[in-house]
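Coordinates in review
Okay, here's what each chain looks like letter by letter:
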Amino acid sequence: MPDFAWEIRLAGAAGKPVCGVDEAGRGPLAGPVVAAAVILDRRHADRGLLAGIDDSKKLSEEKRGALFAALRAEAAAGHALIGIGGASVAEITQLNIFHATMLAMQRAVTALRVIPAHALIDGKHCPKRLPCPATAIVDGDALSLSIAAASIIAKVVRDRAMEKLHRRYPAYGWDRNKGYGTAAHQAGLKSAGVSPHHRLGFAPVQQQMTLDIELTN
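Summarised in this report is the structure supplied together with it. (Residues numbered from 1 in each chain as written. Predicted model: local features only at pLDDT ≥ 70, side-chain atom pairs only at ≥ 80, totals over all residues. Heavy atoms only, no water.)

1. Considering the nonpolar core
In terms of nonpolar packing, the biggest core is built from 30 residues, with C19, V21, A37, A119 and W174 touching the most fellow members. Of all the secondary structure elements, the ones that give two or more residues to this core are β1 (18-24), β2 (33-40), β3 (80-87), α5 (97-110), β4 (118-122) and α6 (145-168). The leading source of residues in this core is α5, at 6 residues. Beyond its immediate chain neighbours, meaning those up to four positions away, W174 contacts A30, M162, L165, H166, Y169, G179, H185, S195, H197 and H198. (Core = buried A, V, L, I, M, F, W, Y, C linked by side-chain atoms within 4.5 Å. Buried < 20%, exposed > 50% of the residue type's maximum accessible area, 1.4 Å probe, protein only. Helix = DSSP H or I, 4+ residues; strand = E, 2+ residues; numbered from the N terminus. Contact = heavy atoms within 4.5 Å.)

This is how it looks when you write it as structure tokens:
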């Protein structure tokens with residue numbers, strides 16, 4: 001289970017704020033990539049909440065939703081800070097998914113109301129234009145409570161965005177697959193074609209666009 005070991009190590013004796021940063025949506029064929037940055041008040045945060053926080057991938061949708069609501073309540077009570085950033089489909093196409101993810105993370109950190117003393121980034125790479133020093137931690141969402149909290153926020157925000165898009169583009173099953181390349185999603189691509197929210201640089205989308213062009217010639 002994640003804990004505060006990394007945060008305590010980097011906060012120093014003064015207990016300076018350390019944020020955890022994670023993203024959701026690097027792999028899907030459609031939709032934005034979303035990142036979150038979270039600072040948890042280690043002294044005053046709800047202990048029951050902290051005991052339930054884990055890597056979002058290990059949690060059920062129901063549990064993620066409950067923790068998301070609890071984290072927002074902690075923020076409203078002044079016991080946490082949350083910053084959210086994203087990169088659009090157009091930015092993913094222009095920059096590629098790696099650089100768009102770094103941009104979303106940068107935006108999430110700068111969206112915090114305070115500049116953290118340090119940022120803990122899930123993965124192997126840190127964004128270049130952060131307002132503070134940063135450390136990349138592989139599998140950080142399984143090690144750091146702040147990163148795990150960020151993973152929950154990013155995942156729920158992105159999932160809800162895809163569910164909203166599903167109401168406008170129901171052919172792809174985004175309410176269930178959240179934009180990932182499932183069989184149902186790819187069947188929707190074949191029947192309905194490419195939507196404005198598909199990532200043009202991703203192979204299945206490129207293949208469908210090529211087929212659509214061939215069929216119109």
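2. Comments concerning the pattern of salt bridges
Scanning the entire structure with this criterion turns up 7 salt bridges. D159 is the salt-bridge partner of R64, the closest N and O atoms lying 3.9 Å from each other. Of this pair, R64 sits in helix α3 (residues 61-76) while D159 sits in helix α6, placing them 95 residues apart in sequence. Residue classification places R64 among the buried residues on the basis of a relative accessible area of 10%. The class for D159 is buried, based on a relative accessible area of 7%. (Salt bridge = Lys/Arg side-chain N within 4 Å of Asp/Glu carboxyl O.)

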